[in-house]
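Observations on the three-dimensional arrangement
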Amino acid sequence: MISVAMTTYNGEKYICEQIESILNQSMKVDEIIVCDDGSSDSTIELLKKYPVKVVQNDVNLGYRLNFKKAMELCSGDYIFLCDQDDIWLPNKVEEMMRMMKTHSNMHVLSSSFIYIDDKNQQIQMKVDKSRSNNNLYCRPVEKDSLYRVNFLDYLAMNYFQGCSLLLDKWIKNLVLEHYSTDIEHDYLINSIAASYNSMYFYNKPLFQYRLHEKNSIGAQYDTQTKEEHLQRANTLKIRTQNAHNALDVLNIIRLANSDYYQENQEEFSHMSAFFNQHIQALENKKFFKLLCQNISPYYSLIKTKKARVMDLLYVLKEKVIR
């Protein structure tokens, strides 16, 4: 049985295209569960035209808890996560189910996608040869190939959006048992699955990912100038975010995959100590402390060379301002 877990909030503009793209799949789904988080537009009325189960929240839960609720309500053996404003290509379900069923150790699968704008026109991305998945994933993956994602890749950030995911019932139940709102729902799913060596990326676009100014999660419609990007990056919150993410992930894995955590407990302990020291060095503007941290292999797990240089420049700038 195949389920779709969708969340909505004031999605009237694009919801019909998304629902119809799911209903017109080459392999049919068995149920579409929609959790609406308090829409004040015509989203609910539009959904009534389709064979979907709509659950309206009594209070606004926010997207992290709303996706949790949608997953809880799914009864399928396999669950696709779905946003309200994308468009699935006709073979998305069939291709991803084929991959899932032919790989017994696969519990989560992500596909690539095509960016589109609010008029359904493709947005071309300048390709970075050292990356994949529209430059979101920090490793190159050959086109149309399947790649198992390493757990350590997930320490700093999430690379695969929830709307790209297919998961099986086993991982769904495990995630729900250890659900945390400390990180995004897709980051939680992917990192737990990766700790079990069961998170895969299929580098083939199987849906259209819509970018517009009202995106609430995932990739954002970028209207910032280069100067605004730099200004935003040079804040303590941004400079420490990856280290905080890594600490959250390690804590989640300690509970959700205790065997894996115990096997790597010593290294994870060293990692946690480094990430905490890194946060303190940034908070206290310790230039030489940061400089010395570059000899640690754990620094490269959470930041690129460019980002490590930016850390040093951030501290120097803050010292000058003070």
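Residues numbered from 1 in each chain as written. Predicted model: local features only at pLDDT ≥ 70, side-chain atom pairs only at ≥ 80, totals over all residues. Heavy atoms only, no water.

**Regarding the nonpolar core**
Ranked by internal contacts, the top residues of the largest apolar core, which has 61 residues, are Leu-81, Phe-151, Phe-160, Ile-192 and Phe-275. Considering each element in turn, this core owes the most residues, eight residues, to helix H8 (residues 236–256). Leaving out residues up to four positions away in the same chain, Leu-81 has contacts with Ala-5, Phe-67, Met-71, Trp-88, Gly-162, Cys-163, Leu-165, Leu-167, His-185 and Ile-189. The next biggest cluster of nonpolar side chains, apart from the first, holds 35 residues, and it includes Tyr-50, Cys-82, Leu-166 and Tyr-202. (Core = buried A, V, L, I, M, F, W, Y, C linked by side-chain atoms within 4.5 Å. Buried < 20%, exposed > 50% of the residue type's maximum accessible area, 1.4 Å probe, protein only. Helix = DSSP H or I, 4+ residues; strand = E, 2+ residues; numbered from the N terminus. Contact = heavy atoms within 4.5 Å.)

**Quick notes on the UniProt feature "domain: Glycosyltransferase 2-like" (unreviewed entry) in the protein**
If you check UniProt for "domain: Glycosyltransferase 2-like" (unreviewed entry), the listed places come out as residues 3–163 in our numbering. Between the C-alpha atoms that bound residues 3–163 the distance is 13 Å, and the span itself is 22% helix and 22% strand. (UniProt positions renumbered as here; feature names shortened; annotations may be inferred.)

**Re helix H6 (residues 185–195)**
In terms of burial, H6 is largely enclosed, as 11 of its 11 residues are buried. Within H6 the residues assigned to the buried category are His-185, Asp-186, Tyr-187, Leu-188, Ile-189, Asn-190, Ser-191, Ile-192, Ala-193, Ala-194 and Ser-195. Once H6 ends, the next one or two residues include Asn-197, with phi positive near 55°.

**Quick look at the environment of Ile-252**
As for its position among the elements, Ile-252 is in helix H8. Owing to a relative accessible area of 5%, Ile-252 belongs among the buried residues under this scheme. When the C-alpha atoms of Ile-252 and Ile-238 are compared, they prove to be 21 Å apart, with 14 residues separating the residues in sequence.

**Notes on unusual backbone geometry**
Positive phi is not limited to glycine here, since Asn-133 has a value of about 55°. As for its placement among the helices and strands, Asn-133 is situated in the loop between strand S6 (108–116) and strand S7 (146–148). Although it is not a glycine, Asn-197 adopts a positive phi angle of roughly 55°. Mapped onto the fold, Asn-197 is located in the loop between H6 and strand S9 (199–210). For Asn-197, a relative accessible area of 42% puts it in the partly exposed group.

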